[in-house]
Amino acid sequence: MKTIMKQFSAFFILIAFISIFSKTAGAQQDVPHLYFCESYENGEEKNVSNTFTTGYLTAMLDLRPMGITIGESNVALEITMIADANGFYSTEQVLDVVKFTVDPSWDYIFFTDTENLKFTKPGVYRVMLMKEPNTQIASAIVKITAN
């Protein structure tokens, strides 16, 4: 019982950290901003959040406040689970790498792939936008809940 309570306590601490981080990260202008929405249609982000139900998502990268462009053609979203639906932590492992080709001059990008950018299990995930060779551009944490 004590082990379960410790796991739940650790999970709630993680969620509080994510909540605080996501509120302050959006205000920062000196780091690339990676975040999520349900979809990007007709130039509009639909339902931006850091908590979603299972299914596919669209990842957004906004570099405009920094005044820079992505400067890369080939990037990938690396997805890892950092806690399961019950708040239990496992060794963080790469679950999927979803590759994209973009224009190096872009400063605002949406990443959509309904086949591969899909979250099928509830939990807390870290998503990192990477360039070659294994260099992080931006990262974000998203919580996935059951339908």
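Quick caveat: nothing in here was measured; it's all calculated off a predicted structure.

About the thresholds
- Residues numbered from 1 in each chain as written.
- Predicted model: local features only at pLDDT ≥ 70, side-chain atom pairs only at ≥ 80, totals over all residues.
- Heavy atoms only, no water.
- Helix = DSSP H or I, 4+ residues; strand = E, 2+ residues; numbered from the N terminus.
- Buried < 20%, exposed > 50% of the residue type's maximum accessible area, 1.4 Å probe, protein only.
- Contact = heavy atoms within 4.5 Å.
- Areas by Shrake-Rupley, 256 points an atom, 1.4 Å probe, with all protein chains shown as cover.
- Pairing = 2+ DSSP bridges.
- Axes fitted to C-alpha atoms, helices over the stretch in contact; angles between N-to-C directions.
- Phe/Tyr/Trp six-rings, centres within 6.5 Å; stacked < 30°, edge-to-face > 60°.
- Lys, Arg positive; Asp, Glu negative; His and termini not counted.
- Salt bridge = Lys/Arg side-chain N within 4 Å of Asp/Glu carboxyl O.
- Polar contact = N/O pair within 3.5 Å; in protein donor to acceptor, adjacent residues only side chain to side chain.

1. A short note on the overall build of the chain
So, step 1. Within the chain, the secondary structure is distributed over 1 helix and 12 strands.
So, step 2. Each helix and strand of the chain, ordered N terminal to C terminal, gives the series α-β-β-β-β-β-β-β-β-β-β-β-β.
So, step 3. Taking all 147 residues of the chain together, the buried fraction comes to 35%.
So, step 4. Sequence-distant contacts, at least 24 apart, represent 63% of the contacts inside the chain between residues at least 6 apart.
So, step 5. Element-wise, carbon and sulfur atoms account for 52% of the exposed surface of the chain, whose accessible area totals about 8600 Å².

2. Thoughts on the sheet that holds strand β9 (residues 108-112)
So, step 1. Spatially, 3 strands are ordered β1-β6-β9 in an open sheet, and the strand pairing comes out antiparallel. The open sheet has two edge strands with one neighbour each: β1 (33-37) and β9. Going across the sheet, the axis of each strand differs from the next one's by a mean of 20°, ignoring polarity.
So, step 2. Across 5 bridges, strand β6 (residues 58-62) lies against β9 in antiparallel orientation. If you follow Asp-62 over to β9, its bridge partner there is Tyr-108.

3. Observations concerning unusual backbone geometry
So, step 1. Here the phi dihedral of Asn-42 falls at roughly 50°; this positive angle occurs in a residue that is not glycine.
So, step 2. By the secondary structure assignment, Asn-42 is in the loop between β2 (39-41) and β3 (44-46).
So, step 3. Looking at Asn-42, the relative accessible area reads 79%, which means it is exposed.
So, step 4. We note that Asn-47 has phi near 60°; this positive angle belongs to a residue other than glycine.
So, step 5. Note on placement: Asn-47 falls in the loop between β3 and β4 (51-53).
So, step 6. Among the residues examined, Asn-47 registers a relative accessible area of 49% and is labelled partly exposed.

4. A word on the packing of aromatic side chains
Two aromatic rings are characterised by how far apart their centres lie and by the angle between their planes.
So, step 1. Enumeration over the complete set of coordinates arrives at 4 aromatic pairs.
So, step 2. Look at Phe-100 and Phe-111: their rings are 5.0 Å apart centre to centre, the planes differ by 65°, and that puts the pair in the edge-to-face class. Taken together, the residues Phe-100 in strand β8 (residues 94-101) and Phe-111 in strand β9 connect sequence positions 11 residues apart.
So, step 3. Judged by relative accessible area, Phe-100 falls into the buried class, the value being 13%.
So, step 4. Relative to Tyr-125, the ring of Phe-119 lies with its centre 4.9 Å away and its plane at 75°, an arrangement referred to as edge-to-face. Each member of the pair Phe-119 and Tyr-125 is classed as buried.

5. Re the side chain of Asp-113
So, step 1. The residue Asp-113 is located in the loop between β9 and β10 (118-119) in this model.
So, step 2. This buried residue, Asp-113, is left without a salt bridge; Lys-118 holds the nearest opposite charge, at 9.5 Å.
So, step 3. Separated by 3.0 Å, the side chain of Asp-113 and the backbone nitrogen of Asn-116 make a polar contact.
So, step 4. Beyond its immediate stretch of four places on either side in the chain, Asp-113 contacts Val-98 and Phe-100.

Worth remembering: the numbers are spatial, not functional.
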